[in-house]
Amino acid sequence: MSRLISHLSTSQVLSDHKTFPSFFRTVPSDAFQSLGLAKLVLHFGWTWIGLLAMDNDYGQQGIQSVRQKIIKGGACVAFSENIILNQPDRNAPHIVKVIRESTAKVVVVFSIDIHLIPILDEMLRQNVTKKIFVASEGWSMTQIYLMSQFGNIISGTIGLALYSEMIPGFSQFLNKVNPFMEIGVTWAKIFWQEAFNCVFSNYTNVTRISDTPLKECTGQEDLQSIHNSFTDVSNLRTTYNMYMAVHFVAKSLEDLSNCSVSDGPYPHCGDSHYFKPWQSHTRFLSRITPTLEGALQWATPLWERSDHVVQSAPLFLSTLKQVFLGPRVTHDMALQLLALTQGSSLVSHFAVHFRTLASELEWSDKALIPIFWRGLADHVKDALATREIPATLEELITLSTRIDLRFHERRLERAQCRQRFRLAPTFAKPLESPDQAPEPHEPVVESRAGSKSRTARVLQICHLCQQTGHLASRCLQRSRKRQRLVVVGGGA
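All values derive from a computational prediction rather than experimental measurement.

Please provide a residue-by-residue account of the overall build of the protein chain, values included.
A tally of regular secondary structure across the protein chain gives 18 helices and 9 strands. A buried classification covers 34% of the 492 residues belonging to the protein chain. Considering only contacts in the protein chain between residues 6 or more positions apart, those separated by 24 or more positions represent 60%. Carbon and sulfur atoms make up 57% of the accessible area of the protein chain, which amounts to about 30,800 Å² in all.

Below, the structure written as structure tokens:
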């Protein structure tokens, strides 16, 4: 059975672990979103509400939950319409007609942006304005708000959005993008030209047409000097959820590779290099599921009684961390980080484990740099000792990785050189006469002298006179020696 961790699926149905035992996600269920949208509507005292949703599981389950909760809270539903996905116009003319004729000023929309655009186009055509939209996360933070033609229609929209968090080291990674990188160079150049409004002299961007001459790109422009959607990493919602999904998988596999019966209730560790699907599933469940279930049980009463903890997102997160990520967890992470060493692995592998542990701690680069340095192998530290110590952890990791890779390349080169000498061809002694020719398929036995001078033959050095350019079989000293033997034999 395969395991799936989703960063975007929010359907309430997927919360049923009996039906979907192998499904996990890093986004909240629509059950929480529906509750939030209903509370948002009731908070502003709106009691006459219109409902609009896509005709799929996401839209129908979400809007029905909203309907139940706002009715329970004392509000009334003016209308409820569906965006029909299998119709080219998405049923827009009928929907807009209902919205225009209704006296309801507030419309809750459970949809994604691409299916809502036909409705907005029709509202623009029928000149329907002065409606307040309450948006689900599917379209509350999308590019639809940058479309100027819809400005009068969606102005004043409020809604819910997925949680956003800074990804450690991601900003530094993006700022290293340059038009000379080996991977993705085509897209990097397109981005570079758009970001700095320039053009490379030997490169044509077919996606851009401009009548005005542009300055030439040098590739030395500074990404940190511009501010756009690419360099802004403060509002990464879907990206952060994807990062967390990968992080959870990596962490569970790391734990499984280090599995030990003495660690706790994990009796089936198995081979650390060959994992069974059920093993990763069990390990993941044992770490993640209790925390999720416990957090849900802890937070639900707070939401129901509108506790002060849930009135502020920063306060809620800090309280959640105190409850479920106490000082013991931080202490264990610190001990693991201090004990981590490179050993016989590459620096790149060591850095992955180091970053994983460091991301759980709020330690500065000043504290992390000496810890990373201490864990490096001796040959890397020896090379670093001749250089200036980098100012940031990322710079130290980059430099250490380059040094280690060069050492690794040199080891491979030496091994290949030794292998070439071992596999160098040998040559049989020249035959004195045809009578000495070996029988068919009979192996030619190499002389003892030939075995000793194998390296000299490869390098074309005569082992008799130590001169280059000929082998011992054609050496003049060898010919003189034979002549003396013949004379002596004749005299005898």
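Tell me about the packing of helix H3 (residues 92-101) against helix H4 (residues 113-126), residues and numbers included.
Interhelical geometry of H3 versus H4 gives an angle of 60 degrees and a closest axis separation of 9 Å. Regarding the angle of H3 to H4, the classification is oblique. Crossing of H3 over H4 shows right-handed handedness. On the side of H3, the interface is formed by Ala-92, Pro-93, Ile-95, Val-96, Lys-97 and Arg-100, while H4 contributes Pro-118, Ile-119, Glu-122, Met-123 and Gln-126.

An account of the side chain of His-115 is requested, with residue identities and associated values reported.
Tracing the backbone through its elements, the reader meets His-115 in helix H4. For His-115, the side chain forms a polar contact with the side chain of Arg-90, separated by 3.2 Å. Here His-115 is in contact with Met-54, Ile-83, Leu-85 and Arg-90, once residues within four sequence places are set aside.

Please set out a nonpolar patch on the surface residue by residue, giving values where relevant.
Taken together, the side chains of Leu-335, Leu-338 and Trp-363 make up a nonpolar region of the molecular surface, amounting to roughly 260 Å² of accessible area. Locating Trp-363 in the fold gives a position in the loop between helix H12 (347-358) and helix H13 (365-375). For Trp-363, a relative accessible area of 32% corresponds to the partly exposed category.

I'd like a description of the confidence of the model for the protein chain, backed by residues and values.
Confidence in the prediction for the protein chain averages 78 pLDDT; 72% of positions are at 70 or higher. Between residues 262-267, whose pLDDT stays under 50, and residues either more than four places distant or in other chains, the model counts 5 contacts. Note that pLDDT drops below 50 for residues 436-452; the model gives that stretch 9 contacts with residues more than four away or on any other chain.

So what's going on with a positive patch on the surface? Residues and values would help.
Taken together, the side chains of Arg-410, Arg-411, Arg-414 and Arg-418 make up a positively charged region of the molecular surface. Within the secondary structure layout, Arg-411 lies in helix H15 (residues 393-422). Classification of Arg-411 by relative accessible area gives partly exposed; the value is 38%.

Quick rundown of the packing of aromatic side chains? Include the residues and the values.
Tallying each qualifying case throughout the model produces 11 aromatic pairs. Aromatic pair Phe-170 and Phe-173: ring centres 6.3 Å apart, planes at 15 degrees, arrangement stacked. Here Phe-170 pairs with Phe-173, and both are found in helix H6 (residues 170-174), just 3 residues apart, close to one helical turn. Taking the relative accessible area as the measure of exposure, Phe-170 reaches 23% and is therefore partly exposed. The exposed category is assigned to Phe-173, whose relative accessible area is 53%. Look at Trp-192 and Phe-196: their rings are 4.9 Å apart centre to centre, the planes differ by 45 degrees, and that puts the pair in the tilted class. Here Trp-192 and its partner Phe-196 are both found in helix H7 (residues 185-196), 4 residues apart, which amounts to about one turn of the helix. The exposure class of Trp-192 is buried, given its relative accessible area of 2%.

Can you lay out the pairing of strand E3 (residues 48-54) for me, pointing to particular residues and giving the numbers?
Most of E3 sits inside the fold, with 6 of its 7 residues counted as buried. Sheet analysis places E3 next to strand E4 (residues 76-83), joined by 7 bridges and oriented parallel. Considered in E4, the bridge of Gly-50 is made with Phe-79. Taking the sense of rotation as the criterion, the β-α-β connection linking E3, helix H2 (residues 57-72) and E4 turns out right-handed. Bridge count between E3 and strand E5 (residues 106-110): 5 bridges; the pairing is parallel. By the bridge assignment, Ile-49 is partnered in E5 with Val-106.

Pulling in residues and values, what's your account of the pattern of salt bridges?
Overall, the coordinates contain 5 salt bridges when judged by the stated rule. A salt bridge links Arg-100 to Glu-101; its shortest N-O distance comes to 3.8 Å. Residue Arg-100 is classed as partly exposed on the basis of its relative accessible area of 40%. By relative accessible area, which is 53% here, Glu-101 ends up exposed. A salt bridge links Arg-355 to Glu-394; the shortest N-O distance between them is 2.9 Å. With a gap of 39 residues between them, Arg-355 in helix H12 and Glu-394 in helix H15 connect regions that are remote in the sequence.

Could you give an account of the state of the cysteines, with specific residues and numbers?
Taken as a whole and assessed by the stated rule, the structure comprises 1 disulfide. Between the sulfur atoms of Cys-198 and its disulfide mate Cys-217 the distance is 1.8 Å. For the disulfide bridge between Cys-198 and Cys-217, the dihedral angle about the S-S bond is near 100 degrees, and by the sign convention the bridge is right-handed. Of this pair, Cys-198 sits in strand E8 (residues 198-199) while Cys-217 sits in the loop between strand E9 (215-216) and helix H8 (238-257), placing them 19 residues apart in sequence. Overall, Cys-217 belongs to the buried group, its relative accessible area being 5%.

Thresholds, definitions, all that
Residues numbered from 1 in each chain as written. Predicted model: local features only at pLDDT ≥ 70, side-chain atom pairs only at ≥ 80, totals over all residues. Heavy atoms only, no water. Helix = DSSP H or I, 4+ residues; strand = E, 2+ residues; numbered from the N terminus. Buried < 20%, exposed > 50% of the residue type's maximum accessible area, 1.4 Å probe, protein only. Contact = heavy atoms within 4.5 Å. Areas by Shrake-Rupley, 256 points an atom, 1.4 Å probe, with all protein chains shown as cover. Axes fitted to C-alpha atoms, helices over the stretch in contact; angles between N-to-C directions. Parallel < 35°, antiparallel > 145°, perpendicular 65-115°, else oblique. Left-handed = near helix turned anticlockwise from the far one by under 90°. Polar contact = N/O pair within 3.5 Å; in protein donor to acceptor, adjacent residues only side chain to side chain. Patch = residues over 30% accessible without salt bridge, like charges linked within 9 Å, V, L, I, M, F, W, Y side chains within 5 Å. Salt bridge = Lys/Arg side-chain N within 4 Å of Asp/Glu carboxyl O. pLDDT = per-residue confidence, 0-100. Lys, Arg positive; Asp, Glu negative; His and termini not counted. Charge placed at Lys NZ, Arg CZ, Asp CG, Glu CD. Phe/Tyr/Trp six-rings, centres within 6.5 Å; stacked < 30°, edge-to-face > 60°. Pairing = 2+ DSSP bridges. Right-handed = clockwise from strand over helix to strand, strands pointing away. Disulfide = S-S within 2.5 Å.

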